[in-house]
Amino acid sequence: MFLLYEYDIFWAFLIISSVIPILAFLISGVLAPINKGPEKLSSYESGIEPMGDAWLQFRIRYYMFALVFVVFDVETVFLYPWAMSFDILGVSVFIEALIFVLILIVGLVYAWRKGALEWS
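Residues numbered from 1 in each chain as written. Predicted model: local features only at pLDDT ≥ 70, side-chain atom pairs only at ≥ 80, totals over all residues. Heavy atoms only, no water.

For clarity, the cut-off: UniProt positions are given in the numbering used here, feature names are shortened, and annotations may be inferred rather than shown by experiment.
Identification of the protein as NAD(P)H-quinone oxidoreductase subunit 3, chloroplastic from Punica granatum is taken from an unreviewed UniProt entry. Annotation of the protein in UniProt includes, under Sequence similarities (unreviewed entry), the sentence "Belongs to the complex I subunit 3 family."

The following block contains the structure:
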């Protein structure tokens, strides 16, 4: 039977975990000093006097390399639980995981041929 009062702890936790960040933002907004000057608006460079503009353009190769890393990092997150319960799941899940890995290998070969993995 579905009893609504069994979820009282959940609702209390949800409300408290929503109210605390909202209160933190409101209190910091009220108590924080507002000093907008040229020193406050300049970029911070580890105590060294900033030179030039803070907006720099990075080459797209850095982003492509990071994207490929994130894809294969997420792959590891998906494959680890599968590997831990391989004996319970059976052959059909092994085939699904094999298809998943093959799709990622095709993506890796594509990125490799496009030159996304070349650093220089």
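### Regarding the layout of surface pockets
Note the cut-off: Both cavities and pockets are sets of points on a 1 Å grid over the protein atoms alone; in a cavity a 1.4 Å probe fits but cannot get out, in a pocket the set is open with protein on both sides within 12 Å along at least five of seven lines, and lining residues sit with an atom within 4 Å of a point. Grid points are joined across faces, edges and corners, and a volume is the space filled by probe spheres set on the points. Think of it this way: any DSSP run of H or I at least four residues long counts as a helix, any run of E at least two long counts as a strand, and we number them from the N terminus. Residues are grouped as follows: Ala, Val, Leu, Ile, Met, Phe, Trp, Tyr, Cys and Pro are nonpolar; Asp, Glu, Lys and Arg are charged; every other residue, Gly included, is polar.
Here the largest pocket is characterised by a volume of approximately 180 Å³. V68, V71, G107, L108 and A111 are the residues nearest the centre of the largest pocket, which is lined by 13 residues in total. For the lining of the largest pocket, the elements supplying multiple residues, two or more each, are α3 (60–84) and α5 (91–114). Per-element accounting of the lining of the largest pocket gives the leading share, 7 residues, to α5. For the lining of the largest pocket, a count of residues per class yields 11 nonpolar, 1 polar and 1 charged.

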